[in-house]
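Observations on the three-dimensional arrangement
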Protein chains: 2
Amino acid sequence: MNKFKPIKQTRASEEVLVQLKEAILRGHYKFGDKLPSERELTEQFQVSRGVVREAIRVLQINGFVVIRQGPTGGAYVAEWAFDQLSSGFMDLYLSGRLTIPELNQVRLHIEPEVARLAALNVTDAFRQRLKEDLAAEREPTTFRADYRQRLTRVHFTLLEMCGNYLFEAIVNSMISLTHRIVAAIEPEDHNSLHPVGEHDLIVEAVLAGEADRAAREMRSHLETFFHRMHDIDEAFRLSPAMVSTVFQQG
Amino acid sequence: MNKFKPIKQTRASEEVLVQLKEAILRGHYKFGDKLPSERELTEQFQVSRGVVREAIRVLQINGFVVIRQGPTGGAYVAEWAFDQLSSGFMDLYLSGRLTIPELNQVRLHIEPEVARLAALNVTDAFRQRLKEDLAAEREPTTFRADYRQRLTRVHFTLLEMCGNYLFEAIVNSMISLTHRIVAAIEPEDHNSLHPVGEHDLIVEAVLAGEADRAAREMRSHLETFFHRMHDIDEAFRLSPAMVSTVFQQG
DNA sequence: TCGATTGTATTGGTCTTACATTTAATGTTA
DNA sequence: TAACATTAAATGTAAGACCAATACAATCGA
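Residues numbered from 1 in each chain as written. Chains lettered and ligands numbered in written order. Predicted model: local features only at pLDDT ≥ 70, side-chain atom pairs only at ≥ 80, totals over all residues. Heavy atoms only, no water.

**Focus: the protein's contact with DNA strand D**
Around DNA strand D lies a shell of 25 residues, among which A:R39, B:R11, B:A12, B:S48 and B:P71 are the nearest. Among atoms of DNA strand D positioned within 4 Å of the protein, sugar and phosphate together represent 60%. For DNA strand D, a base nitrogen lies 2.9 Å from a polar atom in the side chain of A:R49. B:S48 is positioned such that a nitrogen or oxygen atom in its backbone is 2.7 Å from a phosphate oxygen of DNA strand D. Only α2 (38-45), α3 (49-61) and β1 (65-68) of chain A together with α3 (49-61) of chain B provide two or more residues apiece to the surface near DNA strand D. (Near = heavy atom within 4 Å. Polar contact = N/O pair within 3.5 Å; in protein donor to acceptor, adjacent residues only side chain to side chain. Helix = DSSP H or I, 4+ residues; strand = E, 2+ residues; numbered from the N terminus.)

**With respect to the protein's contact with DNA strand C**
As a matter of local geometry, DNA strand C sits amid 25 residues, with A:R11, A:A12, A:S48, A:Q69 and A:P71 nearest to it. In this structure, A:A12 approaches DNA strand C through a main-chain N or O atom, which is 2.6 Å from a phosphate oxygen. Interatomic distance of 3.3 Å between a backbone N/O atom of A:G70 and a base oxygen of DNA strand C. For the surface near DNA strand C, the elements supplying multiple residues, two or more each, are α3 of chain A together with α2 (38-45), α3 and β1 (65-68) of chain B.

**Quick notes on helix α4 (residues 83-94) of chain B**
At 3.6 residues per turn, the α-helix brings residues three or four places apart onto the same side. Residue and element names in this part refer to chain B. Helix length check: α4 (12 residues) gives 16 Å between terminal C-alpha atoms against 16 Å at 1.5 Å per residue, within 8%. When we look at burial in α4, the residues that qualify are Q84, L85, S86, G88, F89, M90, D91, L92, Y93 and L94. Trailing α4 by a residue or two, G96 shows a phi angle of about 85°, which is positive. (Expected span 1.5 Å × (residues − 1). Buried < 20%, exposed > 50% of the residue type's maximum accessible area, 1.4 Å probe, protein only.)

**Notes on the interface of chain B and chain A**
Each partner contributes to the interface: chain B provides 49 residues, whereas chain A provides 49 residues. Both faces combined, the contact of chain B with chain A buries some 4700 Å², and carbon together with sulfur accounts for 63% of it. Viewed at the interface, chain A and chain B are joined by six salt bridges. A salt bridge links A:R57 to B:E54; the shortest N-O distance between them is 2.8 Å. Here chain B and chain A share 19 residue pairs in polar contact (both at pLDDT 80 or more) between them. Those elements giving two or more residues to the side of chain B that touches chain A turn out to be α1 (12-25), α3, α4, α5 (100-120), α9 (165-185) and α12 (240-248) of chain B. Tallied by class, the residues present in the side of chain B that touches chain A amount to 25 nonpolar, 12 polar and 12 charged. (Contact = heavy atoms within 4.5 Å. Buried area = accessible area lost by both parts, 1.4 Å probe. Salt bridge = Lys/Arg side-chain N within 4 Å of Asp/Glu carboxyl O. Nonpolar A, V, L, I, M, F, W, Y, C, P; charged D, E, K, R; others polar.)

Below, the structure written as structure tokens:
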């Protein structure tokens, strides 16, 4: 006969983590706010400093807070967005569970829909941004990373336009993953992988509010891009150099 | 002129985390394997035990390892799958960034495609499983959670059938989130939210290998389900009781 | 002999104390 | 006034002790 309940099955650090995380998610601590110092938290939670640090470390790694040292230092609530999802997808890829063709298949199914929705939500402000994005692509540049960044501005703008935060979160994370892979396999002549001007037809359709055409153009763009990506990838596949490159971007 | 790079910008615990995580992702430690004990890692990394613990705590929270105490205890590599993605979506919802209609819109766009792909990949083994899943729905039950579990077996089987691990990861996580929300708002008479037999037409189409029809049936099923879900949700929206219920499932 | 109990060693969980490092703010000196 | 030194507040790291859980071996009793 077992009359009594077990006392503690959860780790103290997890309790602290849950409470801090809930406080952040509920908005009790907003972006930029500073959590109490470690010593303060040890008093409030009545646990040791090590326990508090374990909880805060988890929050930091998962992107909920950034930590600074010194006076005015501490754990500050970060503008977290897709960090957790991104690293989730990343880990799926790095562990070998997720292949590039699978990734591309999903993007190929979702992003045309994003473009379609974007065309339905077009406003003057967005029209302006899309034009700026296209112009930015043409600017001369020296750094490859910078170039890639500007080539995806159109995609990110369309994501915001589609009006669905979950689509935005998922596709944003998938684009991040694609970036990282491309950074490892991209040839010297990066213009051959993604020439400038490939977004023109998409934007044109979106600006005109033609939803279905926007979806078709997006699909067509992705198909050609993925095709090139696949060709280049084959040369590097299983190359130890590439694998370590992807890891090192951690 | 700053010719030299800073020596250490990363925290020791992050270094340890990266190395352990990479070892797991690379498959150096496989499912079920045991990481060295904390005291052993302390010696190998030449850092204090607290540093090692912070790293391991992150691995544990993110689902990469499970930890047991006692002799034969330690950090064992877990069969991690979608934990990180699931909690990522969960946090988006709990923080209020993601709404239920947005979630449903995405599911409504992706899951018909999953059903379509499943119909193309049908095998005898999967045929058998689908029939079992449908039969399981009919079995009498007492626990609501158990009932929900069995009602989604068809969805999970279709996910496996679609042959794309990323689709599986995303939709699996979204279904988990839906479950959690439903658990908070579900009425006593749970059969009204998702009556038995709603999957029959989907499975019928998949078994016949009719891809487009499978997609249509899936879409139709989700539309009616989300419609009911929406009606019920309105009654509970902003109810403090519900919000805390969702949090408590953490 | 068998079974229950007890001891024991190992491993994670927590606490404490001390010191190092970083850094904003303040004070001080040339 | 500007450059430099001091201070203090916060995180970062280290080391040691002890608690808690538990698999396994040893012991004891019927």
